[in-house]
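# Descriptive analysis of the structure
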Amino acid sequence: MEAGSGVGDDTTPREVIHFITQQTRFSLISDILAHPQQLPSMYELEELNPSVSDATVYKHIQKLIDAGIVTEVALDDDQHRQGYPWKFYGLTEDGREFLETHNLLAAEETLQQIYDTIADKPEKIVKYENAPRPDAV
């Protein structure tokens, strides 16, 4: 993880696990893992967490970014499409490695299967799920 961030080299694995497994942050990580491309937009994350304010979702995503667990990726300017998101959130390589090392990815396939069974997704979510995504995280 990045030095100087909320979860740096001087942070113990136990402290990182505690940081990651805070309820809202762990829910956001689970949402990323469950997403078909593992790159949801902020709107998708907000919709998947209706009991949490949009500002709280944003704050916790920023904390995960600062900690080096999540990264924000954006489409190139020439790929932006009106009415579609252009910023997305995914796990960093270090974040995925840390989760895997500490057995926090065990439910990844199950999360994806549950996500796939959601039948009553709002039209905007379906539209955003099908939005163009950057090629690589």
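Calculation notes
- Residue positions are given per chain, counting from 1 as you read along its sequence in written order.
- Per-residue local features of the predicted model are confined to residues with pLDDT of at least 70, and side-chain atom pairs are confined, for both listing and counting, to 80 or more; whole-chain, interface and lining totals are unaffected and use all residues.
- Heavy atoms from the whole structure form the basis of all side-chain values; hydrogens and water molecules are not counted.
- Between Lys or Arg on one side and Asp or Glu on the other, a salt bridge is scored when a side-chain nitrogen of the former is within 4 Å of a carboxyl oxygen of the latter.
- Only DSSP runs of H or I with at least four residues qualify as helices, and only runs of E with at least two residues qualify as strands; both kinds are numbered from the N terminus onward.
- A 1.4 Å probe rolled over the protein chains alone gives each residue an accessible area, and that area as a share of the maximum for its type sets the label: buried under 20%, exposed over 50%, partly exposed in between.

- Named according to an unreviewed UniProt entry, the protein chain is PadR family transcriptional regulator originating from Halobellus rubicundus.

## Considerations on the pattern of salt bridges
- What the rule picks out here adds up to four salt bridges.
- Across the pair Arg133 and Glu44 runs a salt bridge whose closest N-O atoms are separated by 3.0 Å. Here Arg133 is found in the segment after α7 (123–129), whereas its partner Glu44 is found in helix α3 (residues 42–47), with 89 residues between them in sequence.
- On the basis of relative accessibility, which here comes to 12%, the residue Arg133 falls in the buried class.
- Under the relative-accessibility criterion, Glu44 is labelled buried at 0%.
- Residue Lys87 is joined to Glu72 by a salt bridge in which the shortest nitrogen-to-oxygen separation is 3.9 Å. Of the two residues, Lys87 is situated in strand β2 (residues 87–91) and Glu72 in strand β1 (residues 70–74); the sequence distance between them amounts to 15 residues.
- Lys87 sits in the partly exposed class, given a relative accessible area of 33%.

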